[in-house]
Each structure stands twice: as C-alpha cells, then as structure tokens.
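An overview of the molecular structure
For reference, the chains in residue letters:
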Amino acid sequence: ADLVVPGTPFSDIIKAAFERGLFPEFEGTAEEFTKLTLAQRVMGDGTPRERQMVNGLTLQITDHRTKDGGLVSIYTDISELKAREKALEAALQEFHAVLDSIDYGIVFMGPDLTARIINRAFSRLWGIPQAFIDQRPSARELIEYNKGRGLYPVSPAEWDSWIEARIDAIRKGDIPPME
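Residues numbered from 1 in each chain as written. Predicted model: local features only at pLDDT ≥ 70, side-chain atom pairs only at ≥ 80, totals over all residues. Heavy atoms only, no water.

Here's the deal with the packing of aromatic side chains
With the rule as written, the count across this model stands at eleven aromatic pairs. Judged by centre distance (5.9 Å) and plane angle (80 degrees), the ring pair of Phe-18 and Phe-26 falls under edge-to-face. Ring pairs connect the aromatic residues Phe-122, Trp-126, Tyr-152, Trp-159 and Trp-162, which therefore count as one cluster. The lysine or arginine in question, Arg-41, covers the ring of Phe-10, its NZ or CZ lying 3.7 Å from the ring centre. (Phe/Tyr/Trp six-rings, centres within 6.5 Å; stacked < 30°, edge-to-face > 60°. Lys NZ or Arg CZ within 6 Å of the ring centre and 35° of its normal.)

Some details on the sheet that holds strand E1 (residues 49-52)
Strand order in the open sheet made by the three strands is E1-E2-E3, with antiparallel pairing throughout. Sheet topology places E1 and strand E3 (71-77) at the edges, where each strand pairs with a single neighbour. Put simply, the sheet's adjacent strands are angled 30 degrees from each other on average, direction ignored. Bridge count for E1 against strand E2 (residues 58-65) is four bridges, and the pairing is antiparallel. Bridge pairing in E2 links Arg-49 to Ile-61. (Pairing = 2+ DSSP bridges. Helix = DSSP H or I, 4+ residues; strand = E, 2+ residues; numbered from the N terminus. Axes fitted to C-alpha atoms, helices over the stretch in contact; angles between N-to-C directions.)

Structural notes on a nonpolar patch on the surface
On the surface, Leu-92, Phe-95 and Phe-108 cluster together into a nonpolar patch covering about 250 Å² of accessible area. Looking at where Phe-95 falls in the secondary structure, it is placed in helix H3 (residues 79-101). (Patch = residues over 30% accessible without salt bridge, like charges linked within 9 Å, V, L, I, M, F, W, Y side chains within 5 Å. Areas by Shrake-Rupley, 256 points an atom, 1.4 Å probe, with all protein chains shown as cover. Salt bridge = Lys/Arg side-chain N within 4 Å of Asp/Glu carboxyl O.)

Remarks on unusual backbone geometry
Glycine aside, residues mostly have negative phi angles, and peptide bonds mostly take the trans form. With phi around 60 degrees, Leu-113 is a residue other than glycine that occupies positive phi space. Tracing the backbone through its elements, the reader meets Leu-113 in the loop between strand E4 (107-109) and strand E5 (115-118). Take Leu-113: its relative accessible area is 10%, and that puts it in the buried class. The phi torsion at Arg-136 lies on the positive side, around 55 degrees, for a residue other than glycine. On the secondary structure map, Arg-136 appears in the loop between helix H5 (130-133) and helix H6 (139-145). Its relative accessible area of 42% is what places Arg-136 among the partly exposed residues. (Buried < 20%, exposed > 50% of the residue type's maximum accessible area, 1.4 Å probe, protein only.)

Overview of helix H7 (residues 159-172)
The first and last C-alpha atoms of H7 sit 20 Å apart over 14 residues, in line with the 20 Å expected at 1.5 Å per residue. All of the buried residues along H7 are Trp-159, Trp-162, Ile-163, Arg-166, Ile-167, Ala-169 and Ile-170. When H7 is viewed along its axis, its buried side chains cluster within an angular range of 160 degrees and face the same direction. The exposed set on the far side of H7, more than 90 degrees from its buried face, consists of Asp-160, Ser-161, Arg-171 and Lys-172. Buried residues along H7 sit in contact with H6. Once H7 finishes, Gly-173 follows within two positions and takes phi at roughly 80 degrees, a positive value. (Expected span 1.5 Å × (residues − 1). Arc of directions from axis to C-beta. Contact = heavy atoms within 4.5 Å.)

Here's what the structure looks like:
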C-alpha cells in the first residue's frame, strides 16, 4: 500500500511486491518477474493469468488495452473458486475410485454422446484399451471399435441402419438391453 500511490511506476510496484515475497510461486529474480509481468501487461489482450499470493489468495489478472492506448487491469480474487475446484477434483478422484471398484461396465456420456467417464470394468469387458478411452470416444466410436469382433448380431449390409437406430435410441434414452 505504501507504493500504490498515483505517479508510482507499475514496474516499481511489482518489483517491490516481489521482493517483499508476495509472489512465492515464481522461481526467479525480481528483475525476471518484473520483466515477465510487464511483458504480459503490454499485450493487454484480455488473456487472464493467475498469481498465487503469499497470503493464500489467488488472483486472476486480466489486462485490456483501451482505444486511446491506455491499460485497464482487472484483479479478481478467485481463491474461493480455486478451493472449490480443488475440492471437486478430490471428490472426482474418489468417484473414479468407486467406479473402478465396481465389476460391471459403466459409461457416462455427455449430451453430445461423448464418453465422459468409462470405468475399468467396461474397458476390460469390451476389450477397449485405455489409450482409446483417453480420446473420449463417442457412443458411435465405442460401438464401431468392436464391430469386427462379432459382438453385434447385425449383418454388414444392415450395419449402417442398425447403428443409426442404436444411436437414436441412446439419444432418446430408450435403450433396450442387448449387450
């Protein structure tokens, strides 16, 4: 606060803040930190960046250029958001651990029918490698993956219409048990 007064160059403020230990995540010198921060500000393209503060706060900083060449910097305290993200991440890891302990296959699909979560049992039962699952395949891609293994009672001539009907049934939520 003693430096943030009209007329003090921003470079002096940021260098002093660094020297006072306000930015513990940056591994480098005060000069390097000041140079990096000034370079990010000069762009002023609205790209948000985060800074972890020594007091535990996480700031999101966004710089915008004005039409007359000025700069508007917006500092937002996103500490609570980051804490919620961390808690959500921990809960998601627990959720995955529970799903992977279940012996039957489970797939959670998004509204676009892209796989969001596939448990280990599904992968094992269907013989689908993790590398393929990591690509977040669509329902169609999951079905197509095993097309040649004889898992579906459909002739090659009927395949296209069958898979369209299957995808339509999945979209509607009217999925008759078959696999």
